[in-house]
Structure formats: C-alpha cells, structure tokens
Amino acid sequence: KNQVEQSPQSLIILEGKNCTLQCNYTVSPFSNLRWYKQDTGRGPVSLTIMTFSENTKSNGRYTATLDADTKQSSLHITASQLSDSASYICVVRQQGGSQGNLIFGKGTKLSVKP
Amino acid sequence: SQTIHQWPATLVQPVGSPLSLECTVEGTSNPNLYWYRQAAGRGLQLLFYSVGIGQISSEVPQNLSASRPQDRQFILSSKKLLLSDSGFYLCAWSVRRGSTDTQYFGPGTRLTVL
C-alpha cells in the first residue's frame, strides 16, 4: 500500500533553534517528493521538490534531503523563527497514473516559542 | 501573476442542507483543478480533479459532486450534507510541466456541519 508517514506528529522548539522533520514513504514507483508548509487556516505552500536523482535541496533556511534507497526524506529548519510555526506536509507523487497519484502525509505541527 | 480564490471562507450548515463552494483561478489558462478535504488530524484527501471544462474525475465515492462550468471555475456541491462532511476544503490548481507540476492551493473554506 502506498503510504507516507511523518514524524514527529508535533514538535515544540525555542526560537533560534534548529529542527529536523522526518518523512518515510512506501510509494512505488516513485516520481518526486515535495514538502509543503501550511499555516493554520491557510492553504499549503510548496517549499521544495526533489526527484529521484536529487538528494538535497535548499530554500532559504529550509533544507530537504532525500534518500531514494531507504525511501526517507527530512526537512531541516535552521535558526527557527516564530513565523516557522506551521504544519509541514510531505507529499510523494507516484509515477504514471492519473492526476490523483499524490500521496499526502498527515503533517508535522511545529510550534516555535519565544 | 496567478491567484486562486475560494469562498466562503467559513460556513456553518445544518445536516441535510445543500452545499456550494466556489473556486476561481486568475492569470492562467487551461489549469488542472483539484478539490481536497482536510479533516482534523488527517492528511489532505483528494476529492475531485478536472483537466478541462466539463471533465471531472472523482477519487472518493461520497455524497459530494463537482462541476467545472468554465475554464477557471470549479464548484463543489452537495444536495444533503452529512456530519462527516465537516472539514477544511481546499481548492488547488496546477499546470503540468513534465512530472514536477506544482499545485497551488487556495485559502480554503472551513465547513462545519451541525
């Protein structure tokens, strides 16, 4: 079964600290993996996308890694800010198929405290 | 630039009442359009997608329906709402570019069925 599992479910960190969010998937065949940031009550916004041949991609203080062999990805946030408080969703696209071949994780809720 | 609108932002409806949520996209032509539902504590669930006017694909059987009367308009409807229809409804659009098409989400509609 195609699944995307994220951990932890929630995380509280102090402003200025770093953190790492995890995503494990069993989607096959794999096409790409994307991380979204979703502020409370808003729609998700894409942070990074990685294909099979990419193992790291950065977007400002956000750095995503991908290990296609172990089917794991991580999102590292450096020097966290209060505005980083949000849910972070890992999404894996399955190769081929219809438009509905995106598998969403349940997200990690990050709270950054002053 | 492209923008996506959803309305209403929030809605409280009694069980058994009808529903109509509207989504419009500006600044692009022939977009792929999507309706998602996000229930509390769960990941995004794709409900419908459309690759063109009048073309609707349903991913999950339910009492909801979708229509695309115009190129950049996507409507989610129900004749009789259930309690289980409560959730956060997100509309999204994309333009396919190879296998890395990005989905851009609207601001969402929070639906509470009482």
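The structure this text deals with has already been given above.
Below, the structure is looked at part by part. None of these values were measured; they are calculated from a predicted model. (Residues numbered from 1 in each chain as written. Chains lettered and ligands numbered in written order. Predicted model: local features only at pLDDT ≥ 70, side-chain atom pairs only at ≥ 80, totals over all residues. Heavy atoms only, no water.)

Focus: the overall build of chain B
Thinking step 1. When helices and strands are counted, chain B shows 0 helices and 11 strands.
Thinking step 2. Secondary structure of chain B in N-to-C order comes out as β-β-β-β-β-β-β-β-β-β-β.
Thinking step 3. Computed over C-alpha atoms, the radius of gyration of chain B comes to 14 Å, within 12% of the 13 Å expected from 2.2 N^0.38 for 114 residues, which places it in the range of a compact globule.
Thinking step 4. Taken along the three principal axes of its C-alpha coordinates, chain B extends 40 × 30 × 25 Å.
Thinking step 5. Surface exposure of chain B reaches about 5,400 Å², of which carbon and sulfur atoms provide 52%.
Thinking step 6. Here chain B holds 9 positive side-chain charges and 6 negative ones, and the gap between their average locations is 5 Å. (Helix = DSSP H or I, 4+ residues; strand = E, 2+ residues; numbered from the N terminus. Rg over C-alpha atoms; globule rule 2.2 N^0.38 Å. Areas by Shrake-Rupley, 256 points an atom, 1.4 Å probe, with all protein chains shown as cover. Lys, Arg positive; Asp, Glu negative; His and termini not counted. Charge placed at Lys NZ, Arg CZ, Asp CG, Glu CD.)

A short note on the sheet that holds strand 1 (residues 4-7) of chain A
Residues and elements named next belong to chain A.
Thinking step 1. Judged by pairing direction, the sheet is antiparallel, and its 5 strands sit side by side in the order 1-3-8-7-6 without closing on themselves. Each edge of the sheet is formed by a strand with only one pairing partner; in this case those strands are strand 1 and strand 6 (56-59). Across the sheet, the mean angle from the axis of one strand to that of its neighbour is 15°, orientation sign disregarded.
Thinking step 2. As defined by bridge partners, strand 7 (residues 62-67) adjoins strand 8 (residues 72-77) across 6 bridges and the pair is classed as antiparallel. (Pairing = 2+ DSSP bridges. Axes fitted to C-alpha atoms, helices over the stretch in contact; angles between N-to-C directions.)

Some words on the packing of aromatic side chains
Residue and element names in this part refer to chain B.
Thinking step 1. Scanning the entire structure with this criterion turns up 8 aromatic pairs over all chains.
Thinking step 2. Ring geometry for Tyr 36 versus Phe 105: centroids 5.5 Å apart, planes at 45°, classification tilted. With Tyr 36 in strand 4 (residues 32-38) and Phe 105 in strand 10 (residues 104-105), the pair connects residues that are 69 residues apart, well separated along the chain.
Thinking step 3. When its relative accessible area of 10% is taken as the criterion, Phe 105 is described as buried.
Thinking step 4. With a centroid separation of 4.9 Å and 25° between ring planes, the pair formed by Trp 93 and Tyr 104 is classed as stacked. Linking Trp 93 in strand 9 (residues 87-94) with Tyr 104 in strand 10, this pair joins segments that are 11 residues apart in sequence. (Phe/Tyr/Trp six-rings, centres within 6.5 Å; stacked < 30°, edge-to-face > 60°. Buried < 20%, exposed > 50% of the residue type's maximum accessible area, 1.4 Å probe, protein only.)

Quick notes on the sheet that holds strand 1 (residues 3-7) of chain B
All names here are of chain B.
Thinking step 1. The 4 strands are arranged 1-3-8-7 in an open sheet whose pairing can be described as antiparallel. Two strands bound the open sheet, and with one partner strand each, they are strand 1 and strand 7 (64-70). Within the sheet, the average angular offset between the axes of one strand and its neighbour, ignoring direction, is 20°.
Thinking step 2. Pairing of strand 3 (residues 19-26) with strand 8 (residues 73-78) involves 6 bridges; the strand directions are antiparallel. In the sheet register, Thr 24 faces strand 8, and the bridge partner there is Gln 73.

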